[in-house]
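Architecture and fold: a report
Spelled out, the chains give:
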Amino acid sequence: MAISPASTANYDWFLDNFCRDLLEKAEREGTDIHTLLRPENLCTAGGPPQRFLQAHLRHLHCAAPLPPSASGLVVYTQDARVARKLQEDLVEHECTAEVTGQIAPAGLPALHPLKASWQSERRLRLAFQGEREAGIPAQCAALGLQVQTLRRLRLGRISLAQLPEGQWRYLLPWERF
């Protein structure tokens, strides 16, 4: 459940590709995510303009973390209700995985409880409930597939859509997970 930024002091954001590139850079330099959430990285396309305040950076928690080898949609929030909803197994996650190798005869149904389909010869689309990204490479390896890249595209009804890589944006007032 997302809260309208206009009606409360709690703000929700999501980020693209910060886990892999920018967080590794921040760790090397001894900084944290707050230094990466800057007004110059704010993507304002697609919604009403939102004024950036330093108060938006206080008490942020990563509500939907990714494994170190993955990239894509990450949610930071100040709202405990949003964090709780994303950490429960009620929200569907959608990822794509670039894979190599030959699939075992058991095929994609062996990835259950993941819903899997081929997007191309090298790309799998995976949908699942809860946080299972960390186990995807092991499940694919059991079928003879090596995961090269894993990218989260969607959490519930919120997707990366046209958010540029390395950018972040506020959750819009009408958006819900």
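Reading the values: the criteria
Residues numbered from 1 in each chain as written. Predicted model: local features only at pLDDT ≥ 70, side-chain atom pairs only at ≥ 80, totals over all residues. Heavy atoms only, no water. pLDDT = per-residue confidence, 0-100. Contact = heavy atoms within 4.5 Å. Phe/Tyr/Trp six-rings, centres within 6.5 Å; stacked < 30°, edge-to-face > 60°. Buried < 20%, exposed > 50% of the residue type's maximum accessible area, 1.4 Å probe, protein only. Helix = DSSP H or I, 4+ residues; strand = E, 2+ residues; numbered from the N terminus. Pairing = 2+ DSSP bridges. Core = buried A, V, L, I, M, F, W, Y, C linked by side-chain atoms within 4.5 Å. Polar contact = N/O pair within 3.5 Å; in protein donor to acceptor, adjacent residues only side chain to side chain.

**Brief notes about the confidence of the model for the protein chain**
Here the protein chain averages 79 in pLDDT, and 80% of its residues register 70 or above. Across residues 1-11, confidence stays below pLDDT 50; counting only partners more than four residues off in sequence or on other chains, it has 27 contacts.

**So, the packing of aromatic side chains**
One pass over the structure, following the stated rule, counts 2 aromatic pairs. The interplanar angle of 75 degrees and the centroid separation of 5.1 Å between the aromatic rings of Trp168 and Tyr170 together place this pair among those described as edge-to-face. The pair formed by Trp168 and Tyr170 is uniform in burial state, with each residue classed as buried. The rings of Phe52, Trp168 and Tyr170 are connected pair by pair, giving a single aromatic cluster.

**Digging into the pairing of strand β3 (residues 70-77)**
Counting buried positions along β3 yields 8 of 8 residues, so the element is predominantly enclosed. Bridge count for strand β2 (residues 61-62) against β3 is 2 bridges, and the pairing is antiparallel. Bridge assignment links His61 to a residue of β3, and that residue is Thr77. Sheet topology note: the β3/strand β7 (residues 146-155) ladder contains 3 bridges and is parallel. The residue bridging Ala70 from the neighbouring strand is Leu150, located in β7.

**Remarks on the nonpolar core**
Leu124, Leu126 and Ile136 are the most contacted members of the largest nonpolar core, which has 25 residues in total. Elements with a minimum of two residues in this core: β3, β4 (92-100), β6 (123-129), α3 (136-142) and β9 (168-170). Not counting residues within four places of it along the chain, the set of residues in contact with Ile136 comprises Leu114, Leu126, Phe128, Val147 and Leu150. Residues Ala63, Val91, Leu163 and Leu171 belong to the second largest nonpolar core, which totals 15 residues.

**Looking at unusual backbone geometry**
Apart from glycine, the bulk of residues carry a negative phi angle, and the bulk of peptide bonds sit in the trans form. For the bond running from His112 to Pro113, omega is 15 degrees, close enough to zero to count as cis. Position of Pro113 among the secondary structure elements: in the loop between β4 and β5 (115-118). At His59, a residue that is not glycine, the phi angle is positive and equals roughly 60 degrees. Positionally, His59 belongs in the loop between α1 (18-29) and β2. For His59, a relative accessible area of 65% puts it in the exposed group.

**Side note on the environment of Arg125**
Looking at the secondary structure, you find Arg125 in strand β6. Here the alpha-carbon distance between Arg125 and Ala97, two residues 28 residues apart in the chain, equals 6.6 Å. With residues up to four places along the chain from it excluded, the contact list for Arg125 reads Glu94, Cys95, Lys115, Ala116, Ser117, Gln119 and Arg154. A polar side-chain atom of Arg125 sits 3.2 Å from a polar atom in the side chain of Glu94.

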